[in-house]
Amino acid sequence: MNYVSILKTAMPSLMPSSEPHFIIDSGRNGVADMRNDCANWCNARGAGVGYIPTTETNNPANVDAYFWLKTPGESDGCTQYIPDPSDPTGMTKGDACPRYDSMCGSTDSLGSKS
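Below: a short report on this structure. Not measured: the values here are computed from a predicted model. (Residues numbered from 1 in each chain as written. Predicted model: local features only at pLDDT ≥ 70, side-chain atom pairs only at ≥ 80, totals over all residues. Heavy atoms only, no water.)

To continue, consider unusual backbone geometry. A positive phi angle is found at D33, which is not glycine, with a value near 55 degrees. Phi is positive for N43, close to 50 degrees, though the residue is something other than glycine. With relative accessibility at 12%, the residue N43 sits in the buried group. (Buried < 20%, exposed > 50% of the residue type's maximum accessible area, 1.4 Å probe, protein only.)

See the structure below:
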C-alpha cells in the first residue's frame, strides 16, 4: 500500500484532473519481507499467495481490486540452472536452462542457490 500512496500523491501533479485508482497483483505477495532486495522480483523463493482476487479491498478509496496477474506458482522466467527435480527443496542445481534470464538469477530466486 506504500507504493499506492506514493503514486496517488504523484499522479495528480502530472495529470491534474486525474483521480487514480489501483489494482494490486496479489498472486505472489502473501509473505512480507521474504526478499533481500525489492529488485529481486523473479521467482521469489517463499513468496506465497496473497489475497484471492476480489473487488472488496481494505482501501477502497485507492484500491479497486486485488488480482492475480499470473496463476500462482507460474514461473516468471528461468534461473541459470533448473532445480534438480529429485531434490524436493529445490536447492540442488539441475540442467542449465536454455532461456536463462539474468533477472531470475538473484539470491532470492528459486533455483539460484545450490
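A few words now on the state of the cysteines. One pass over the structure, following the stated rule, counts two disulfides. The side chain of C42 participates in a disulfide bridge whose partner is C104; the two sulfur atoms lie 1.8 Å from each other. One disulfide, between C42 and C104, carries an S-S torsion of 70 degrees and so falls in the right-handed class. Here C42 is found in the loop between strand 1 (22–25) and strand 2 (63–67), whereas its partner C104 is found in the segment after strand 4 (93–96), with 62 residues between them in sequence. We note that C42, like C104, is buried. (Disulfide = S-S within 2.5 Å. Helix = DSSP H or I, 4+ residues; strand = E, 2+ residues; numbered from the N terminus.)

Tallied over the full model, the rule gives three salt bridges. As a salt-bridge pair, D25 and R28 come within 3.5 Å of each other at their nearest N and O atoms. Look at R28 and you get partly exposed, because its relative accessible area is 29%. With a closest N to O distance of 2.3 Å, D76 and R28 form a salt bridge. A residue pair is termed long-range when its members are at least 10 positions apart, and D76 in the loop between strand 2 and strand 3 (81–83) and R28 in the loop between strand 1 and strand 2 qualify at 48 residues. Three or more residues are tied together by salt bridges with common partners; here these are D25, R28, K70 and D76. (Salt bridge = Lys/Arg side-chain N within 4 Å of Asp/Glu carboxyl O.)

Spatial relationships are all this shows, so hold off on functional conclusions.
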